[in-house]
Amino acid sequence: MAEILRALSKDKNIAIFIMNSTDIVEYARKIHNLPPIPAAALGRLLTATSMMGIMLKGENHSVSVQISCSGVLKGLVAVSDSKGNVKGYVKNKDVLTEIDERGKLNVKGAIGEGTLTVIKDLGLKEPYIGQIELVSGEIAEDITNYFALSEQIPSAVALGVLIDMDESIKSAGGFIIQVLPNTDEKVVLELEQKLKNFSNISSVLENKSIEEIVKELFGRIEYEVLARYQPVYKCNCSKEKVESIIPLLKDEEISDDNIEIVCSFCQKKYYFSKEEAFKIKYGE
């Protein structure tokens, strides 16, 4: 079962959000039938977005993280509620497996250049929208840059997805560490040193629990665990919601007796008769 742990140092200067997202990423891989590179890319984005979701304060708040890119993936989307329940998809999953110079899946190359957009629905008249240029295509680095530029929060982000020999997800997860500007410099340097041991977080999660990792990251710093979450991959689509697509269709596209609309997030299929579709489109 996927799990997120949220912890805070006793002086309230350092916050750590850490997640084991293996089950969620494997579920996403299965329903979208993803080969390794799209699975790794979406898995990283789902993990980050889920942790960003639990940072929201309102029960009905949500966050959407979207990557528009020039690479073969063409783009990715993930959406989370305030409990960390998350869903997402890759715009193009037909991507060949390519290994980079480090011997890892070339997710960076499959993303390329582009933008990262964060949309927060906080129940206000207008959503909060923050957008940055991608700095590397390595999703953890881009999320780190987003926090620094759009929210002015110094952060360290690690995300990882480990693919097994049968292309299933062996382990997946990550963490977000946020530090207040007035934190003692020695403490920050110590934390930075420890982060080097977790550069491959998916491999670490194979052998250690998220509790053990938090303990190691904080080291001698006193902290408390504020909350635990058990998020799932969750899509709240319905026939009523997908109806909104029908007015966008051309008349010739609804010439068949049965129109099929597939949810991008969960692959569920919805069917409308020709009569239903024209009624929805023209209100007759």
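Residues numbered from 1 in each chain as written. Predicted model: local features only at pLDDT ≥ 70, side-chain atom pairs only at ≥ 80, totals over all residues. Heavy atoms only, no water.

Structural notes on the packing of aromatic side chains
To keep things clear, this is the line we draw: Put simply, two rings from Phe, Tyr or Trp (the six-membered ring, in Trp's case) pair if the centres are within 6.5 Å, and we call them stacked under 30 degrees between planes, edge-to-face over 60, tilted for the rest. In this scheme, a residue with accessible area under 20% of its type's maximum is buried, one over 50% is exposed, and one in between is partly exposed, where area comes from a 1.4 Å probe on protein chains only. Charge over a ring is defined by NZ of Lys or CZ of Arg lying within 6 Å of the ring centre and within 35 degrees of the ring normal.
For the structure shown, the criterion picks out 5 aromatic pairs. Plain terms: the ring middles of Phe218 and Tyr223 are 4.5 Å apart, the flat faces sit at 10 degrees to each other, and that makes the pair stacked. Relative accessible area serves as the criterion here: at 25%, Tyr223 is assigned to the partly exposed category. Seen from the ring of Phe265, Lys87 lies directly overhead, with NZ or CZ sitting 4.5 Å from the centre.

Describing the pairing of strand S6 (residues 114-121)
Put simply, the rule is: By the criteria applied, helices consist of DSSP H or I runs no shorter than four residues and strands consist of E runs no shorter than two, each listed in order from the N terminus. Two strands are counted as paired when DSSP detects at least two bridges linking them.
For S6, a buried count of 6 out of 8 residues is recorded, marking the element as mostly surrounded by other parts of the structure. Relative to S6, strand S3 (residues 62-69) runs antiparallel, the two being bridged by 8 bridges. By the bridge assignment for S6, Cys69 is matched with Gly114. Here S6 hands over to strand S7 (residues 128-133) after 6 residues, with Gly123 in that stretch at a positive phi of 75 degrees.

Structural notes on the layout of surface pockets
Short version of the rule: Of the grid points, spaced at 1 Å and generated over the protein atoms alone, those admitting a 1.4 Å probe that cannot get out make up cavities, while open sets with protein on both sides within 12 Å along at least five of seven lines make up pockets; any residue with an atom within 4 Å of a point is treated as lining. Grid points are joined across faces, edges and corners, and a volume is the space filled by probe spheres set on the points. Only Asp, Glu, Lys and Arg are considered charged, only Ala, Val, Leu, Ile, Met, Phe, Trp, Tyr, Cys and Pro nonpolar, and every remaining residue, Gly among them, polar.
The space that makes up the largest pocket amounts to roughly 780 Å³. Elements with a minimum of two residues in the lining of the largest pocket: helix H2 (36-53), helix H4 (139-150), strand S8 (155-163) and helix H6 (201-207). For the lining of the largest pocket, the element with the most residues is S8, which contributes 8 residues. Of the residues that constitute the lining of the largest pocket, the class distribution is 18 nonpolar, 7 polar and 8 charged. Roughly 510 Å³ of volume is contained in the second largest pocket. Where the lining of the second largest pocket is concerned, the elements lending two or more residues are strand S1 (3-9), strand S2 (14-20) and strand S9 (169-179). Considering only residue class, the lining of the second largest pocket consists of 15 nonpolar, 3 polar and 5 charged.

Notes on unusual backbone geometry
Here Asn33, not a glycine, exhibits a phi torsion of approximately 55 degrees, which is positive. With respect to the element layout, Asn33 can be found in the loop between helix H1 (22-32) and H2. Judged by its relative accessible area of 58%, Asn33 is exposed. Residues other than glycine seldom take positive phi values, yet Gln267 does so here, at roughly 70 degrees.

Describing the packing of helix H5 (residues 185-195) against helix H7 (residues 210-218)
We count it as follows: Fitting a line to C-alpha atoms yields each axis, with helices limited to the stretch in contact; the angle taken between N-to-C directions then spans 0 to 180 degrees. Should an angle fall under 35 degrees it is called roughly parallel, over 145 degrees roughly antiparallel, and 65 to 115 degrees roughly perpendicular, with every other angle called oblique. Contacts between residues were defined by any pair of non-hydrogen atoms, one from each residue, lying within 4.5 Å.
Running from amino to carboxyl end, H5 crosses H7 at an angle of 140 degrees, the nearest separation of the two axes being 8 Å. When the axis of H5 is compared with that of H7, the two are oblique. Taken together, the residues of H7 that come into contact with H5 (itself represented by Leu191, Lys194 and Leu195) are Glu216, Leu217 and Phe218.

No statement about biological role is implied by the geometric values presented.
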